Amino acid sequence: MTSTGQSMSSPDAFSESILSCENITKSFLGVNALNGATFDVPKNKITALIGPNGAGKTTLVNILSGAMKSDSGTTHLGSVDVTNLESYKIARMGLMRTFQLSRELGGLTVLENLLVAPKVQAGESLFNIFLRPRLLQREERQNIERATEILATYGLYELRDNRARELSGGQKKLLEISRGVMAAPTVFLLDEPMAGVNPALIDRIAGYILDMKRQGMTVLMIEHNLNVVEKICDFVIVLAEGKTLATGRLSELRANPEVVQAYLGEVISAGTTN
Amino acid sequence: MSAFWYYVFTLVFFLFDYFILAMGLNIQYGETGILNFAYIGFVAIGAYMTGVAGMPNAGTSGQHYILGLNLPFPINLIIGGLSASALAFLVALITLRRLRTDYLAMVLISLSLVLYDISNNFIPLFNGADGLYNVPEPFASALKLTTNSFVPFFAGVAGVVALILWFFMSRITRSPLGRTLRAIRDDPTVASALGKGVFRYQLTSMLVGSFYAGVGGGLLIQFGGSFNPTAWLPGETFVIFAVIIVGGVGNNVGMLVGALVVETLLIHLPAFLPAIPGHPGLIEYIDTMVIGVVLMIMLWFRPQGIVPERVRRSKFLLPDFAPSGGGAVIAPTGPAIPTEEAAGAGPPFFIEEKDV
């Protein structure tokens, strides 16, 4: 759909695009956070969105998920124009997201955090609560079964009855990711899923992300850990100063002097590639 | 009936009535996080509308008010509840889409003041500052109830209504709808990102909570036989907030405990104490101070209230549910270690245990 001026490869080389944005701009009090970001995210692949701090990555995820409105530009989920739609409508179309700082539903238990996630539930209607109790019970049973399976997979089953606010930082990361998986999204946006977690957990989370891909999801993740990006991401989008600087495999991007200058060189010199 | 029992049943009535009012505010604030500082306004609308739906045409009563439908109890009470919900619908349409937390609270407290001024000054509506009086006592003529016997009778009616409304509220708060409301309370942005139309659920909460406010107000006017603006000063909202904070935000049983402690023991019981000689009204002032002190003590030492919000454990959610494998045997399995094919070409990258 789009062309990124200096891209070395397009998602067409992998598969069709499922999420795309074109010329997205966003400014805050005159400061341009996004300045024409344009890219396609290939379907059923893991795509990394990388770039220096302040490049506009989180702003872009906010716009793609509907949490923030862009000043101009368009976003598409599949063939549907979702530009500036409300976030819950985009979520119902199959796009889930996590947040840079984990945002658990603290007053709910770990299990309840997952049970909230199915997008449309019969039990959320007053009519059904009072007039179709059996439907509710059946639905609740199915949801609890699925939620417990996911919690077991993510190592949170034993914590199912704890309030989410009682979890550690790493556990909150896992909870947020597992909550998104519970919603069975087609596209999952992960905002720095490895940030602030220990190396062993990075290993596990990377495995979970690969599992998502096996299950047919498309993943777009903001990530600074280039070791992880290199190993699990099929496609990389580099954002700098609010614009798409380049796209392609990380190995290709390492040869791009502009990318090295804008981001990779900075990361390498800071010694955070591993 | 002795004066003692008259007082006791009066206290019982206020216990049940404020239980209903607290449940309504609890679903809005305790479950959904809507800081409804205009709550007493919805109580007042319910009271007035119950009154004018049950009273005869204004021409025969010497008062000025709308409707005068002469409808029997509990139809007029339901009309009172629905009227409060209708007002909530309008208010929610205007405010909830654009305003959150403190800004919403400021607008709502302003609304409360506006409603108060309108009812106080616009006489054709609800008889202005004089308010409604001579409101018919339900079943009084049919059951030949005297002033004395009406009090215990209507305390019982309020108890039945409270029980019915508690049943409905429990079903709502235990359902997936209640869970979604609490998710919105905890973080509306996350709830929206999970596909929940926050406005729709907030609107539902406002409608249900305001219906409870209207019914609670309707019972008040039927019990006392009159209702005027001095009965619902905008500050009264904070008494109901005190009920739910002391009782336990987010817990329906806590609402009953809060109503007992704040409304019955701290507000109405002292009103029946003999005045301190030479200091008429002093007890009421002390009473107000005591409520403030109790509120501060609760917020400082036990912010979760006397009966805290229940942790809805998995057994509570579905009592007979046991996950495949018997529950406890389901252990964390961790991720499937990616194969080389799945991970793409290249050497394994996963960090070894010794590097941790």
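Refer to the structure above for everything that follows.
Residues numbered from 1 in each chain as written. Chains lettered and ligands numbered in written order. Predicted model: local features only at pLDDT ≥ 70, side-chain atom pairs only at ≥ 80, totals over all residues. Heavy atoms only, no water.

(A) The overall build of chain B, seen in detail. A count of helical and extended segments in chain B gives 14 helices and zero strands. Across the 356 residues of chain B, 51% fall into the buried class. If you take every contact in chain B between residues at least 6 apart in sequence, the share linking residues at least 24 apart comes to 77%. As displayed, chain B has an accessible area near 16100 Å², and 68% of this comes from carbon and sulfur atoms. (Helix = DSSP H or I, 4+ residues; strand = E, 2+ residues; numbered from the N terminus. Buried < 20%, exposed > 50% of the residue type's maximum accessible area, 1.4 Å probe, protein only. Contact = heavy atoms within 4.5 Å. Areas by Shrake-Rupley, 256 points an atom, 1.4 Å probe, with all protein chains shown as cover.)

(B) Local environment of the pairing of strand β10 (residues 243–248) of chain A. Residue and element names in this part refer to chain A. Extensive coverage of β10 is indicated by the burial of five of its six residues. Across five bridges, strand β9 (residues 235–240) lies against β10 in antiparallel orientation. Within β10, the residue paired with I237 across the bridge is T247. Between the antiparallel neighbours β9 and β10 lie two residues, among them E241 with a positive phi of about 50°. (Pairing = 2+ DSSP bridges.)

(C) Summary view of the layout of surface pockets. A volume near 610 Å³ is recorded for the largest pocket. If you trace the largest pocket, you find 24 residues lining it, with G66(A), E86(A), S87(A), R100(B) and S192(B) closest to the centre. Listing elements by their share of the lining of the largest pocket, those giving two or more residues are α2 (87–92) of chain A together with α8 (188–193) and α9 (198–224) of chain B. Top element by residues in the lining of the largest pocket is α9(B). It accounts for four residues. Across the lining of the largest pocket, the residue classes tally to nine nonpolar, seven polar and eight charged. (1 Å grid on protein atoms, 1.4 Å probe; cavity = no way out; pocket = protein on both sides within 12 Å on 5 of 7 lines; lining within 4 Å. Points joined across faces, edges and corners; volume = space filled by probe spheres on them. Nonpolar A, V, L, I, M, F, W, Y, C, P; charged D, E, K, R; others polar.)

(D) Quick look at the pairing of strand β3 (residues 46–50) of chain A. In terms of burial, β3(A) is largely enclosed, as five of its five residues are buried. Because side chains alternate across β3(A), one face comprises the buried residues I46(A), A48(A) and I50(A), and the other comprises T47(A) and L49(A), equally buried.

(E) Quick peek at the packing of helix α6 (residues 147–174) of chain B against helix α7 (residues 176–186) of chain B. All names here are of chain B. Packing of α6 against α7 brings their axes to within 4 Å, and their N-to-C directions diverge by 65°. Relative to α7, the element α6 lies roughly perpendicular. Contacts between α6 and α7 involve I172, T173 and R174 from the first element and P176, L177, G178, R179 and R182 from the second. (Axes fitted to C-alpha atoms, helices over the stretch in contact; angles between N-to-C directions. Parallel < 35°, antiparallel > 145°, perpendicular 65-115°, else oblique.)

(F) Spatial organisation of helix α2 (residues 39–54) of chain B. If you check α2(B), its first and last C-alpha atoms are 23 Å apart, about what 16 residues at 1.5 Å a residue would give, namely 22 Å. Counting buried residues along α2(B), 16 of its 16 residues qualify, which places the element largely inside the surrounding structure. (Expected span 1.5 Å × (residues − 1).)

(G) Region of the structure containing the packing of aromatic side chains. Residues and elements named next belong to chain B. Scanning the model with the defined rule gives 23 aromatic pairs over all chains in all. Both rings, one in F73 and one in F154, keep their centres 5.9 Å apart while their planes meet at 65°; by these two values the pair is edge-to-face. Taken as a pair, F73 in the loop between α2 and α3 (75–95) and F154 in helix α6 lie far apart in primary sequence, 81 residues in all. Both residues of the pair, F73 and F154, count as buried. On the numbers, 5.2 Å between centres and 20° between planes, the contact of F150 with F154 is stacked. In this pair, F150 and F154 both sit in helix α6, four residues apart, roughly one turn of the helix. For the pair formed by F150 and F154, the shared burial category is buried. Through a chain of ring-to-ring contacts, the aromatic side chains of F13, F14, F73, F139, F150, F153, F154 and F223 assemble into a single cluster. (Phe/Tyr/Trp six-rings, centres within 6.5 Å; stacked < 30°, edge-to-face > 60°.)

(H) Summary view of unusual backbone geometry. The step from F73(B) to P74(B) runs through a cis peptide bond, and the omega angle for that step is 5°. With respect to the helices, strands and loops of the structure, P74(B) is situated in the loop between α2 and α3. Even without being glycine, L29(A) reaches a positive phi, approximately 50°. Turning to its location among the elements, L29(A) is positioned in the loop between β1 (17–28) and β2 (31–42). The class of L29(A) is exposed, set by a relative accessible area of 92%. Of note in the backbone geometry, E241(A) takes a positive phi value of approximately 50° without being a glycine. Structurally, E241(A) can be placed in the loop between β9 and β10.

(I) Expanded view of the pattern of salt bridges. Here the structure, examined in full by the defined rule, presents 16 salt bridges over all chains. The partner of E124(A) in a salt bridge is K196(B), and the shortest N-O contact between them spans 2.8 Å. Taken together, the positions of E124(A) in the loop between α3 (110–115) and α4 (126–131) and K196(B) in the loop between α8 and α9 put the pair across two chains. Here the two residues E124(A) and K196(B) agree in accessibility, since each one is buried. For the salt bridge of E230(A) with R254(A), the shortest nitrogen-to-oxygen distance reads 3.2 Å. Here E230(A), found in helix α8 (residues 226–232), pairs with R254(A), found in the loop between α9 (250–253) and α10 (257–270); they are 24 residues apart in sequence, far enough to count as distant. (Salt bridge = Lys/Arg side-chain N within 4 Å of Asp/Glu carboxyl O.)

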